[in-house]
Amino acid sequence: MFRILIFLLVFASLPATAREWFVSPNGSNSGNGTLTSPFRTVRHVLDTSLDMTSPGDVINLRAGTYNECDVRLRKPLTLRSYGNERAHIHCNMTVADSVTIQIDTAASGSVLRQLEISGGMYYGIQLQTDWYPDPCCSSSSGPSNILLDDLKIHDTGRDGIKITPKSNHVTIRNSEIWNTGAIYPPGTSLDDRNADGIDSVNVSNLLIEDNYIHDISTTGLYFKGGSSDVLVQRNRIENTGMAGILVGFDTSVEFFDLSINPQFYESIRGTVRNNIIRNTVYEGIGLYSAKDAVVVNNTIIDTAQDGHAAIYFGVPAQDWDPVAGRPPSINPLIRNNLVMQYGGNCVEVRHWNEFGGVSGLTGSPSTNFNLYSNNNGACVFRDARPGSPIGGGGTLAQWRAYEGTDAQSIYASPGLDSTGRLLPGSPAIDAGTTLSQVTDDFDKQQRFAPYDIGADELDAPVPDLIFSAHFD
């Protein structure tokens, strides 16, 4: 409800008679920007020296490819494809320091919809902040109340979407992101790559839902740097060179807002639910300096192939800065997750001896009502914190005995189809616990008690359309 009110307030401040502009690869910049006389380039209609557009205007792109870099929104606008068409904006990665589309803080309230976006030396889309911890800018913000809907983002130099600090109330939905890191030559080591699907730093109320994120150079998506109240739901994330979803990660100290987060938590009250994550080199879902994280009803398949674990409590270096906090994750809620491994560890808590000893978690991991399996040996549970008898890894029974958790979790072959959904007879059916934080499943079908474990609720009834409608 709060998110809807924010959008309504933004839209209420826009002109009641927004103008529609039209652009076509077959148009001319000497035209008048109408449907019958469209402009030729997107940058022309956005040209600040011409000052054609007004806040709230709609720019319609006809089908075709627009070879343009640094398409920049400086005021609240809607940039979309016309009708049922899909326009393609492509920026050649050889253009120095380029992004394909940039959204400025003054463009808060803007919408990108139904576009194909590729290239950019750095990013496909960048939300560019005016906030910095310096006293000059500490009261500023980033682009907020932004809607990114039905986009196809691919073959970007680095990240698909980059969201910079204080870009709040951003929604990314119904989109596909793939082939990030196209600027890196084949064989570039993981240490030398930085090309995530969605990279967000020090944001609040970010909503990432119903996306397909795959074939990503590094991590599918993360939110870090003190990001708060982020919701990640019903996404399919596959084939990543690093992790699937990271709740917090590793941020340089200058990007934290210490006035509200003096402990340097990477994530606060982040929720990850109803996602299907498959085929990652490192963790399926990682928690790094995460406070009050909720990780529930996810399906995690064949992750942590080269290290870490399907569910992993990591330690951020925060640039090894001596003033950084690096707090351990605290008070997580981890329920109803289905973990199906092919050799990788199932759950792990990391510990470093550096900085006098830093752990990935304080207190209980609070894992329960999960299903674990490993199709290539036993599922390994590891707690590397000092004094742990399973620092080198243990069984589910040993994990239960030491941690005092996972009492109602099960160890069994999960019975999944090729899409990660439950098959009839799966032991995950009705084996979960009912949670107030989850009401539907990966397919937006209503859950009913007792919940199934994982992202899918088998044979769930179709919800009343009145309650499943999206706000547009």
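Definitions and limits used
- Residues numbered from 1 in each chain as written.
- Predicted model: local features only at pLDDT ≥ 70, side-chain atom pairs only at ≥ 80, totals over all residues.
- Heavy atoms only, no water.
- Helix = DSSP H or I, 4+ residues; strand = E, 2+ residues; numbered from the N terminus.
- Polar contact = N/O pair within 3.5 Å; in protein donor to acceptor, adjacent residues only side chain to side chain.
- Contact = heavy atoms within 4.5 Å.
- Core = buried A, V, L, I, M, F, W, Y, C linked by side-chain atoms within 4.5 Å.
- Buried < 20%, exposed > 50% of the residue type's maximum accessible area, 1.4 Å probe, protein only.
- pLDDT = per-residue confidence, 0-100.
- Pairing = 2+ DSSP bridges.
- Axes fitted to C-alpha atoms, helices over the stretch in contact; angles between N-to-C directions.
- Salt bridge = Lys/Arg side-chain N within 4 Å of Asp/Glu carboxyl O.

(A) How the structure looks around the side chain of Gln126. Of note, Gln126 is situated in strand E10 (residues 123-128). Separated by 2.9 Å, the side chains of Gln126 and Gln128 make a polar contact. Beyond its immediate chain neighbours, meaning those up to four positions away, Gln126 contacts Val99, Ile101, Gln102, Ile103, Lys162 and Thr164.

(B) Representation of the nonpolar core in the model. One finds Leu61, Leu79 and Leu112 to be the most contacted residues of the largest nonpolar core, which totals 68 residues. Listed in part, the nine residues of the second largest apolar core include Ile301, Leu416, Ile453 and Leu458.

(C) How the structure looks around the confidence of the model for the protein chain. On average, residues of the protein chain score 94 in pLDDT, and 94% of them reach the 70 mark or higher. Here residues 465-472 scores under 50 on pLDDT; set against residues more than four positions off or in separate chains, the count is 13 contacts.

(D) Highlighting the sheet that holds strand E41 (residues 381-383). Spatial strand order, E4-E7-E10-E13-E16-E19-E23-E27-E31-E35-E41: 11 strands in an open sheet with parallel pairing. Lying at the two open borders of the sheet, with one neighbouring strand each, are strand E4 (71-73) and E41. Strand-to-strand twist across the sheet, computed as the mean angle between neighbouring axes with direction ignored, equals 10°. Strand direction decides the pairing type here: strand E19 (residues 221-224) and strand E23 (residues 245-247), joined by three bridges, are parallel. From the neighbouring strand, Phe223 faces E23, where its bridge partner is Val247. Against the sheet, helix H3 (residues 396-403) touches strand E35 (345-349) and E41, its axis set at about 35° to E41.

(E) Expanded view of the pattern of salt bridges. This model, assessed by the stated rule, comprises 22 salt bridges. Here Arg385 ties to Asp383 by a salt bridge, and the two come within 2.8 Å at their closest N and O atoms. Residues Arg447 and Glu457 are paired through a salt bridge, measuring 2.6 Å at the closest nitrogen-oxygen approach. Of this pair, Arg447 sits in the loop between strand E42 (410-411) and helix H4 (465-468) while Glu457 sits in the loop between E42 and H4, and the two are 10 residues apart along the sequence. We classify Arg447 as buried; its relative accessible area is 4%.

(F) Examining unusual backbone geometry more closely. Here Ala449 and Pro450 are connected by a cis peptide whose omega angle stands at -10°. Counting through the fold element by element, Pro450 comes out in the loop between E42 and H4. Phi at Asn179 is positive, roughly 55°, even though this residue is not glycine. Within the secondary structure layout, Asn179 lies in the loop between strand E15 (176-178) and strand E16 (198-201). Residue Asn179 is classed as partly exposed on the basis of its relative accessible area, which comes to 30%.

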